[in-house]
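Each chain is listed here by its residues.
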Amino acid sequence: MAGELRQRDLLAPLWRVVVAFRLVAWVLAVAGWFRERDDYPGTAAPVAVLVAMAVWTAVVTVAYSRAAGRRTRVTLLDLGVTVLVLAATVATQPAGAFGEGAPIVTSIWVAGPALAMALARGRDGGVAGAVVVWAAVTFLRGYVGDREVFNLTLLVLTAGLLGYAATITRRAELALREAAAAQAAAQERERLGRAVHDGVLQVLAAVRRRGVDPELTRLAAEQEVALRGLLTTGPEVAVGTADLGTALRLLATPDVDVAGPAEPVELPAHTAAELTAAVREALANTAEHAAGAHAWVSLEPADDEVVVVVRDDGPGIPDGRLPAAAGEGHHGVRSSICGRLADLGGSAVLHTAPGQGTEWELTIPRGTPR
Amino acid sequence: MTTVMVVDDHPMWREAVERDLAARGFEVVATAGDAGSAVRRALAVRPDVVVMDLQLGTGSGVDATRDVVAALPGTRVLVLSASAEQADVLEAVKAGASGYLVKSAGADELADAVTRTAAGDAVFSAGLAGLLLGEYRRLQAGPDPGAPQLTERETEVLKLVSRGLSAKAIAERLVLSHRTVENHVQNTLRKLQLHNRVELTRYAIEHGLTDPDSA
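Our subject in this report is the structure included herewith.

How each quantity is defined
- Residues numbered from 1 in each chain as written.
- Chains lettered and ligands numbered in written order.
- Predicted model: local features only at pLDDT ≥ 70, side-chain atom pairs only at ≥ 80, totals over all residues.
- Heavy atoms only, no water.
- Axes fitted to C-alpha atoms, helices over the stretch in contact; angles between N-to-C directions.
- Helix = DSSP H or I, 4+ residues; strand = E, 2+ residues; numbered from the N terminus.
- Parallel < 35°, antiparallel > 145°, perpendicular 65-115°, else oblique.
- Contact = heavy atoms within 4.5 Å.
- Nonpolar A, V, L, I, M, F, W, Y, C, P; charged D, E, K, R; others polar.
- Buried < 20%, exposed > 50% of the residue type's maximum accessible area, 1.4 Å probe, protein only.
- Core = buried A, V, L, I, M, F, W, Y, C linked by side-chain atoms within 4.5 Å.
- Domains from an automatic or database assignment.
- Pairing = 2+ DSSP bridges.

**Some thoughts on the packing of helix α8 (residues 167-174) of chain B against helix α9 (residues 178-206) of chain B**
Residue and element names in this part refer to chain B.
(1) Moving on: With their axes 8 Å apart at the nearest point, α8 and α9 run at an angle of 110 degrees to one another. Our classification of the angle between α8 and α9 gives roughly perpendicular. Contact residues: Ala 167, Lys 168, Ile 170 and Ala 171 in α8; His 178, Val 181 and Glu 182 in α9.
(2) Moving on: Grouping the constituent residues of the contact of α8 with α9 by class yields 4 nonpolar, 1 polar and 2 charged.

**A look at the environment of A:Pro354**
All names here are of chain A.
(1) Moving on: With respect to the element layout, Pro 354 can be found in the loop between β6 (347-352) and β7 (358-365).
(2) Moving on: Look at Pro 354 and you get exposed, because its relative accessible area is 57%.
(3) Moving on: A sequence separation of 36 residues divides Pro 354 from Pro 318, and the C-alpha atoms of the two residues are 5.3 Å apart.
(4) Moving on: Pro 354 has contacts with Pro 315, Ile 317 and Pro 318, leaving out every residue within four places of it along the chain.

**Structural notes on the nonpolar core**
(1) Moving on: Ranked by size, the top nonpolar core spans 48 residues in total, and within it B:Met5, B:Val7, B:Phe124, B:Leu132 and B:Ile170 carry the most contacts.
(2) Moving on: If one sorts the elements of this core by residue count, helix α6 (residues 126-141) of chain B sits on top with 7 residues.
(3) Moving on: Viewed by domain, this core spans two of them, domain 1 (3-123) and domain 2 (127-206) of chain B, each represented by three or more residues.
(4) Moving on: Aside from chain neighbours lying at most four places away, what touches B:Met5 is B:Ala30, B:Ala32, B:Ala38, B:Arg41, B:Ala42, B:Pro47, B:Val49, B:Val50 and B:Val51.
(5) Moving on: A:Trp33, A:Val85, A:Val105 and A:Ala159 belong to the second-largest nonpolar core, a separate cluster that totals 42 residues.

**A short note on the pairing of strand β3 (residues 49-52) of chain B**
All names here are of chain B.
(1) Moving on: Taking every second residue as pointing to the same face, both faces of β3 are buried, with Val 49 and Val 51 on one and Val 50 and Met 52 on the other.
(2) Moving on: In this structure, strand β1 (residues 3-7) lies alongside β3, joined through 4 bridges in parallel fashion. By the bridge assignment for β3, Met 5 is matched with Val 50.
(3) Moving on: Inspection of the sheet shows β3 paired to strand β4 (residues 76-81) by 4 bridges, in the parallel sense. Bridged to Val 50 within β4 is Val 77.

This is the structure:
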């Protein structure tokens, strides 16, 4: 799977552009030095810098040509090394020469890491890289003139736009992948659903209806409900969220009814999972302490909160039994239900009395919808 | 004797339901395996109650429900459906079904539901109450100012039904009579069905599907 995803990396062409820019910029730097070589007091220092640039260009060419090297860490390292190479150019000119407009041998090669950061981190990464590179060059020059302002604008604009393009590409790729996965899942579910609906479900239903052996009947009913639950498609929800209704309906058994709206109740995936786990814990508690009782799960969404009520018609919990159980080391109820709800910023209230069954009221605040 | 028709696309299931009902004193006058023959046979035999599955091989149980209810005022539809089709159940109830029972319900529960449906009562499971609450919430958030709304009392009653309380238990908790609770429950269903009919008629007139004079 990972290999397949990497192959479909839509950003790869942009990385190739960044690599090509680095190579071309190095050639331009060499040509620039050759043309203006009379402006340099010596030859050894600029040649040494150009060689260092060549080595680093080779390193990033290799790094950025493979998916493993296209990381924020690598681009930050690139930025650090590039600034160091830039700092080394002070050896190519006498003190104060840069302030009088002497050429800097690295030229536009130093813009490379800003472009790489744009691809790795999007618009903000590109702008940050551009500002760092520009600040380093300006520090070397010691003044801010028209040309510096012009360079800054150009650099920020290029890196920012490239980063923006990278972000859009990434989103498009994600959407594409999700759509493909959703379609594949839906097709598979439909195929399985048809097979199960026409075969196994019919037999289970028949076994249950004929009701020869009570134990067999009960098992058939349980499996039938579980299978039907698995076939539930559930409405489509946004990435990172889950439909609490679908999750809770999977908990239905012949002894557990689940009620809720037909419309999806969208919550952050983690919140939905934790809430579902708390409900499962409450149902397990009923199954353990009130064998044969029927339970109901009711999902009641409101604008600012979501309430889930788990009720059973069992014998109820006598006064003082719950704290006592916690004291004896039965942390099930307290930590699993109350703890989970507290972690979600919600609350869990238990209403119970002997002969009245138990009723958990789980409430969580609903954040602002995305 | 109450006459019943069973609609389901599974022959084995159909036979099992038929046998259960016959054993409890109902007269099963017809069965059908798809929407088209369900409507045709219902018109021919005019049963008191149609026990309707929504997942039919060909045609939709929701459309069949609408057609049967429209053509036969004396016939009531009880939806017997798998728990996996919540949206369909809601549509069937809006189209005029008098109640909804999950397929995992036992034979006695089914017999009781058919009896109550024949008597004109709504068969109100916890699941149906949850669906109705959700639908009223959706309508309230929608743009239609004429959409029906629940009174505070009705919301309270529906919530307790969705939590699995019986009408008797609800009556005790809210200090109401048993009959008042039943009326509240029936009203929530009727308001929605009426609204759905008005919507359908309005849609038909707007799209020129019917002559306004005859509507």
